[in-house]
Amino acid sequence: MHALPFLLSMATAALLAPALLRQLARTGHTRPNFRGRELPFPFGVLAPAAALIALVPLTLIARLAPAAVFHPEIVPIALYALGVALLGLIDDFLGEPAGGDAPRGWRGHARATLRGELSTGALKAAGSLGLALLVADELGLTEGRWLLAAAVLALATNVFNLLDLRPGRSTKAFLLLGAGLTIGAGLRPLWALGLFAGPALVAGLYDLRERAMLGDTGANLLGGLAGLWLVLTLSGTGQLIALALLLLITLYGELGSISELIERTPGLRELDSWGRPS
């Protein structure tokens, strides 16, 4: 039964996706991708919508069967997943589109905030940190582990935003991370995240095939799920290593270009382009 939220929410997303795709296009919710093609946006809303719809049969099964359908920590997991998706949605609708005059990087968002402007990037960062502190506390960790887990959650969420500059990149990063963590710890953490991970992967497939764009709604959700996966799987030492790597990626994204690094690195370039339409 532990795999049921993953499977049912994924099936719900697959059924909902075509209608959502048409609705976004019909109502003018589109953005140009890196090739300049206008695509439905933000398609990342598919994941939280499908997860919430799937809660109807899942909760009925859990209540009436009765059966152990949900992971014991489903409430803090859902809080963080839905919260960071909402912050991403705010950025998608209130932030400047790509190519506009939006502030870039932490320094740009900090300067915009100090000028009294509404920086949706700063809003995402502060909101994600607040959610991370609350959720890490709800996981019942000691004070040292609580702060460490919150830092991993917040930085992972940000890193996946940095990665989401090409179709399917953030989804591939999530899958690669998940594969490594599953080899080390098994599938139990995936089932804990399954209610949101299943539909996020469906949305990511549409993003990869350039039929839609995830937006920050989807990238934030994938990053939040990645952070939760790290926290639920790794020991304190493992989380320290993960935090160091996340900091390095964040600093590189602040000072350089992750896309340029991928383009000039054999292996990474091929992996990054795999699955996209030619």
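Everything that follows concerns the structure shown earlier in this document.
A brief structural summary. Everything numeric here is computed off the predicted structure, so don't read it as measured data.

Digging into a nonpolar patch on the surface
1) Next: Taken together, the side chains of Val56, Leu60 and Leu64 present a nonpolar region at the surface, about 320 Å² in accessible area.
2) Next: With respect to the secondary-structure elements, Val56 resides in helix α2 (residues 46–64).
3) Next: Here Val56 falls in the exposed class, since its relative accessible area comes to 52%.

Digging into the side chain of Thr250
1) Next: Within the secondary structure, Thr250 sits in helix α10 (residues 236–255).
2) Next: In this structure the side chain of Thr250 is engaged in a polar contact, spanning 2.7 Å, whose partner is the backbone oxygen of Leu246.

Details of the nonpolar core
1) Next: With 66 residues, the main nonpolar core has Phe43, Phe174 and Leu225 as its most contacted residues.
2) Next: Those residues in contact with Phe174 that lie beyond four places of it in its chain are Phe160, Ala197, Leu201, Leu222, Leu225, Ala226 and Trp229.

Structural notes on the packing of aromatic side chains
1) Next: The full count for this structure, using the stated rule, is three aromatic pairs.
2) Next: Note on Phe174 and Trp229: the rings are 5.5 Å apart at their centroids and 55 degrees apart in plane angle, and the pair reads as tilted. One end of the pair, Phe174, is in helix α7 (residues 169–185); the other, Trp229, is in helix α9 (residues 215–233), and 55 residues separate them in sequence.
3) Next: Take Phe174: its relative accessible area is 2%, and that puts it in the buried class.
4) Next: For Trp229, a relative accessible area of 4% gives the class buried.

What to know about the pattern of salt bridges
Proximity of charged atoms lets side chains of opposite charge pair with each other.
1) Next: In the structure shown here, the tally under the stated rule is seven salt bridges.
2) Next: Notably, a salt bridge pairs Asp91 with Lys124, separated by 3.0 Å at the nearest N-O pair. Note that Asp91 is positioned in helix α3 (residues 74–94) and Lys124 in helix α5 (residues 120–138), a separation of 33 residues in sequence.
3) Next: For Arg169, the salt bridge goes to Asp272, with nearest N and O atoms at 2.9 Å. Separated by 103 residues along the polypeptide, Arg169 in helix α7 and Asp272 in helix α12 (residues 268–273) bring together distant segments of the chain. Taken individually, Arg169 and Asp272 each receive the classification buried, so the pair is uniform in this respect.
4) Next: Connected through shared salt-bridge partners, Arg35, Arg37 and Glu210 make up one network.

Side note on α2
In an α-helix there are 3.6 residues to a turn, and that puts residues three or four apart on one side.
1) Next: Its 19 residues place the ends of α2 28 Å apart at the C-alpha level, agreeing with the 27 Å of an ideal helix rising 1.5 Å per residue.
2) Next: Maximum bend of α2: about 35 degrees, positioned at Leu55, with proline Pro57 one to four residues after it.
3) Next: Listing the buried residues of α2 in full gives Leu46, Ala47, Pro48, Ala50, Ala51, Ala54 and Leu58.

Structural notes on α9
1) Next: Between the first and last C-alpha of α9 there are 27 Å, a value that for 19 residues agrees with the 27 Å anticipated at 1.5 Å per step.
2) Next: Most of α9 is tucked away, with 17 of its 19 residues classed as buried.

Concerning the side chain of Asn161
1) Next: Position of Asn161 relative to the elements: it lies in helix α6 (residues 143–163).
2) Next: For Asn161, the side chain forms a polar contact with the main-chain oxygen of Thr157, separated by 3.3 Å.
3) Next: In this structure, Asn161 is in contact with Lys124, Asp216, Ala219 and Asn220, ignoring residues within four places of it in sequence.

Considering unusual backbone geometry
1) Next: A cis amide bond links Phe41 to the next residue, Pro42, at an omega of -5 degrees.
2) Next: The topology assignment puts Pro42 in the loop between β2 (38–40) and α2.
3) Next: Of note, the bond from Ala65 into Pro66 is cis; its omega dihedral lies within 30 degrees of zero at -20 degrees.
4) Next: Examined against the element boundaries, Pro66 turns out to sit in the loop between α2 and α3.
5) Next: A positive phi angle, close to 60 degrees, is found at Glu210, a residue other than glycine.
6) Next: Here Glu210 lies in the loop between α8 (188–208) and α9.

The rules behind these values
- Residues numbered from 1 in each chain as written.
- Predicted model: local features only at pLDDT ≥ 70, side-chain atom pairs only at ≥ 80, totals over all residues.
- Heavy atoms only, no water.
- Patch = residues over 30% accessible without salt bridge, like charges linked within 9 Å, V, L, I, M, F, W, Y side chains within 5 Å.
- Areas by Shrake-Rupley, 256 points an atom, 1.4 Å probe, with all protein chains shown as cover.
- Salt bridge = Lys/Arg side-chain N within 4 Å of Asp/Glu carboxyl O.
- Helix = DSSP H or I, 4+ residues; strand = E, 2+ residues; numbered from the N terminus.
- Buried < 20%, exposed > 50% of the residue type's maximum accessible area, 1.4 Å probe, protein only.
- Polar contact = N/O pair within 3.5 Å; in protein donor to acceptor, adjacent residues only side chain to side chain.
- Core = buried A, V, L, I, M, F, W, Y, C linked by side-chain atoms within 4.5 Å.
- Contact = heavy atoms within 4.5 Å.
- Phe/Tyr/Trp six-rings, centres within 6.5 Å; stacked < 30°, edge-to-face > 60°.
- Expected span 1.5 Å × (residues − 1).
- Bend = angle between axes of the 7 residues up to and from the residue.

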